[in-house]
Amino acid sequence: MTTVSTSHLVLIPSYNPGIKVFETVRAARQYWSPVWVVIDGSTDDSVEKLKAMAAEDTGLRIIHLEQNQGKGAAVLHGFEIAQAEGFTHALTMDSDGQHPADLIPAFMAKSISQPQSMILGMPLFDASAPIIRVKGRQLSNWWANVETLWAGIGDSLFGFRIYPIAPLCEVMHKHRWMRHFDFDPEAVVRLCWYGVKPINISAPVLYFRKDEGGVSHFRYLRDNILLTWMHSRLLVGFLLRLPLLILRRLQARSSARVEKPI
């Protein structure tokens with residue numbers, strides 16, 4: 001059964017996604033309405049096909065950016081429109097079929113029950129996951145936890161998650177970063193600094209081979225340089241905020257002791 005919401009939407013940034021995008025969109029629409037796809041300057045045949053799908057489905061909306069701007073920029077563009085139309089939260093998922101659409105209702109339910117939090121997917125990898133990618137994200141996750149004083153980020157890179165729209169837009173408007181592949185990890189770190197609590201929910205992730213329709217725009221050298229620069233900036237920000245983060249942690253522990261039943 002499809003849930004219709006006026007506060008929570010599914011947002012899918014898409015750039016030359018390959019054939020899996022249509023399956024992804026149909027799966028998301030099976031569980032939720034509305035679903036928005038932000039086409040980020042795609043040059044393949046997905047543009048017209050997605051628009052044709054939307055023409056026959058009132059729960060599907062296509063937002064078309066003519067020029068490729070990067071994942072973070074595409075998400076921000078969609079969030080700004082969503083915020084203007086009264087939406088408060090958005091679940092982001094990749095267009096390549098890696099993320100589990102059947103978990104959309106569970107993630108949304110958790111967000112509705114705890115609207116001040118961000119709901120983060122905690123990826124469960126199978127044998128299809130490239131080992132170098134898995135090891136690389138472990139390093140990025142370690143740095144993200146250092147930069148937030150272990151605030152509870154389970155995985156900094158997994159894009160299947162729910163953001164509260166207003167604080168994310170505010171954070172992104174204050175910084176010119178987070179517009180490309182660095183969006184997911186930097187957004188979650190800065191939202192932790194902002195005071196948004198992370199809640200982790202396990203979710204399986206699939207990696208498809210090229211002959212299965214898999215498409216990857218990840219470039220090891222380029223994107224690892226980008227992530228290194230990002231963590232360098234965040235580490236400086238962490239050191240500047242360290243007294244506040246320590247105070248916040250002490251207050252949280254004190255509050256937990258007070259609330260603990262005797």
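The coordinates are above.
Below: a short report on this structure. (Residues numbered from 1 in each chain as written. Predicted model: local features only at pLDDT ≥ 70, side-chain atom pairs only at ≥ 80, totals over all residues. Heavy atoms only, no water.)

The subject of this paragraph is the sheet that holds strand β9 (residues 198-205). Across the sheet, which stays open at both edges, the 7 strands sit in the order β5-β4-β2-β6-β8-β7-β9 with mixed pairing between neighbours. On the outer flanks of this sheet lie β5 (60-65) and β9, each paired with one strand and no other. Sheet twist, expressed as the average angle between the axes of neighbouring strands with direction ignored, equals 25°. Alignment of strand β2 (residues 8-14) against strand β4 (residues 35-40), held across 5 bridges, turns out to be parallel. Bridge assignment links valine 10 to a residue of β4, and that residue is valine 35. Contacts from helix α4 (residues 104-113) reach β2, β6 (89-92), β7 (118-125), β8 (161-164) and β9, with the element oriented near 125° to β2. (Pairing = 2+ DSSP bridges. Helix = DSSP H or I, 4+ residues; strand = E, 2+ residues; numbered from the N terminus. Axes fitted to C-alpha atoms, helices over the stretch in contact; angles between N-to-C directions. Contact = heavy atoms within 4.5 Å.)

On to the packing of helix α3 (residues 71-84) against helix α6 (residues 165-174). Running from N to C, α3 and α6 cross one another at 130°; their axes reach a closest spacing of 10 Å. Between α3 and α6, the crossing angle belongs to the class labelled oblique. The two elements α3 and α6 cross, and the hand of that crossing is left-handed. Between α3 and α6, the residues in contact are Gly72, Leu76, Phe79, Glu80, Ala82 and Gln83 and Ile165, Ala166, Leu168, Cys169, Met172 and His173, respectively. By residue class, the composition of the contact of α3 with α6 is 8 nonpolar, 3 polar and 1 charged. (Parallel < 35°, antiparallel > 145°, perpendicular 65-115°, else oblique. Left-handed = near helix turned anticlockwise from the far one by under 90°. Nonpolar A, V, L, I, M, F, W, Y, C, P; charged D, E, K, R; others polar.)

The next thing to look at is the packing of aromatic side chains. Applying the stated rule across the entire model yields 8 aromatic pairs. Taking 5.0 Å as the distance between ring centres and 80° as the angle between the ring planes, the aromatic pair formed by tryptophan 142 and tryptophan 143 counts as edge-to-face. By relative accessible area, which is 46% here, tryptophan 142 ends up partly exposed. Given a relative accessible area of 28%, tryptophan 143 falls into the partly exposed group. An aromatic cluster is present here, built from Phe79, Tyr163 and Phe183 joined pairwise through their rings. Its guanidinium or amino end placed over the ring of tryptophan 36, arginine 61 lies 4.5 Å from that ring's centre, counting from NZ or CZ. (Phe/Tyr/Trp six-rings, centres within 6.5 Å; stacked < 30°, edge-to-face > 60°. Buried < 20%, exposed > 50% of the residue type's maximum accessible area, 1.4 Å probe, protein only. Lys NZ or Arg CZ within 6 Å of the ring centre and 35° of its normal.)

Here we take up the pairing of β7. As defined by bridge partners, β7 adjoins β9 across 8 bridges and the pair is classed as parallel. Bridge pairing links isoleucine 119 to isoleucine 199 in β9. The sheet contact formed by β7 and β8 spans 2 bridges and is antiparallel. Each residue of the ladder has a partner; that of isoleucine 119, found in β8, is isoleucine 162.

With 12 residues, helix α1 (residues 20-31) should reach 16 Å at 1.5 Å per residue; the first-to-last C-alpha distance of 17 Å fits that figure. Along α1, the residues classified as buried are Lys20, Val21, Phe22, Thr24, Val25, Ala28 and Arg29. Taken together, the buried residues of α1 touch β2, β3 (32-33), β4, α2 (46-55), β5 and α4. (Expected span 1.5 Å × (residues − 1).)

A separate point is the packing of α6 against helix α7 (residues 183-194). It is at 10 Å that the axes of α6 and α7 come closest, and there the two elements cross at 105°. For the element pair α6 / α7, the angle class is roughly perpendicular. Across from Pro167, Leu168, Glu170, Val171 and Met172 in α6, the residues of α7 making contact are Phe183, Ala187, Arg190, Leu191 and Tyr194. The residue inventory of the contact of α6 with α7, partitioned by class, reads 8 nonpolar, no polar and 2 charged.

The quantities given are spatial measurements derived from coordinates; they are silent on function.
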